[in-house]
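As a plain string of letters, each chain reads:
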Amino acid sequence: VALVESGGGSVQAGGSLRLSCAASGRTFNTYAVGWFRQAPGKEREFVSAISWSGGSLYYADSVKGRFTISRDDAKNTVYLHMSSLKPEDTAVYYCAADERITFPQAMGVIPPDYWGQGTQVIVSS
């Protein structure tokens, strides 16, 4: 499955953005999907994930209460709505998918099979 992220950009602190992860090539509704981010000079961080059914969600403590993940399988798309953005949210955001993973938090330990190319998010103070 091919993944393409979009929706990144520049925003001031306190603002919002919605990232999209569009899938093509295969039916998406059997895949768990996650979002990761990597800031310059830092390790990749596991941010959020959603199970194939949409019934189980995971959020890192750093984004809990501010980010919301959702999926629309009719559109083969997963979204990450980000609000109350902080400068420390600045990073390249990647979506990833894996059909083997049942529990979304497992994406933090099992590297997903499929990755997008990333979309840049810049939050200015």
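In short, a report on the structure. (Residues numbered from 1 in each chain as written. Predicted model: local features only at pLDDT ≥ 70, side-chain atom pairs only at ≥ 80, totals over all residues. Heavy atoms only, no water.)

All right, on to the nonpolar core then. Counting residues in each nonpolar core, the largest one holds 29 residues, and the members touching the most others are Trp35, Met82 and Tyr93. Elements that contribute at least two residues to this core include exactly strand E3 (17–24), strand E4 (32–38), strand E5 (45–50), strand E7 (67–72), strand E8 (77–82), strand E9 (91–98) and strand E11 (119–124). Core analysis: the second largest hydrophobic core is formed by eight residues, Ala32, Ala96, Ala106 and Met107 among them. (Core = buried A, V, L, I, M, F, W, Y, C linked by side-chain atoms within 4.5 Å. Buried < 20%, exposed > 50% of the residue type's maximum accessible area, 1.4 Å probe, protein only. Helix = DSSP H or I, 4+ residues; strand = E, 2+ residues; numbered from the N terminus.)

Under the counting rule described, the total for this entry stands at five aromatic pairs. The interplanar angle of 10° and the centroid separation of 4.6 Å between the aromatic rings of phenylalanine 46 and tyrosine 58 together place this pair among those described as stacked. With a gap of twelve residues between them, phenylalanine 46 in strand E5 and tyrosine 58 in strand E6 (residues 57–59) connect regions that are remote in the sequence. A network of ring pairs unites the aromatic residues Phe36, Phe46, Tyr58 and Trp115 as a single cluster. (Phe/Tyr/Trp six-rings, centres within 6.5 Å; stacked < 30°, edge-to-face > 60°.)

This part is about the sheet that holds E8. If you walk across this open sheet you meet the four strands as E1-E3-E8-E7, and the pairing is antiparallel. One side of each edge strand has no neighbouring strand; the edge strands of this open sheet are strand E1 (2–6) and E7. Each neighbouring strand pair of the sheet contributes to a mean axis angle of 15°, computed without reference to strand direction. Bridge analysis of E1 against E3 gives five bridges, and the strand direction is antiparallel. Its bridge partner being in E3, glutamate 5 is matched across the sheet by cysteine 21. (Pairing = 2+ DSSP bridges. Axes fitted to C-alpha atoms, helices over the stretch in contact; angles between N-to-C directions.)

Let us now look at the state of the cysteines. With the rule as written, the count across this model stands at one disulfide. Two residues, cysteine 21 and cysteine 95, share a disulfide whose sulfurs are 2.1 Å apart. Disulfide cysteine 21-cysteine 95: the torsion about the S-S bond is 65°, which places it as right-handed. Of this pair, cysteine 21 sits in strand E3 while cysteine 95 sits in strand E9, placing them 74 residues apart in sequence. With a relative accessible area of 0%, cysteine 21 lands in the buried category. Since its relative accessible area comes to 0%, cysteine 95 is described here as buried. (Disulfide = S-S within 2.5 Å.)

Time to look at the pairing of E3. Regular strands place their side chains on alternate faces of the sheet. Inspection of the sheet shows E3 paired to E8 by six bridges, in the antiparallel sense. Note that in E8 the partner of leucine 17 across the bridge is methionine 82.

The next point concerns unusual backbone geometry. The phi dihedral of asparagine 76 falls on the positive side, at around 55°, and the residue is not glycine. One can find asparagine 76 in the loop between E7 and E8. Unlike most non-glycine residues, serine 84 shows phi in positive territory, near 50°. Note on placement: serine 84 falls in the loop between E8 and E9.

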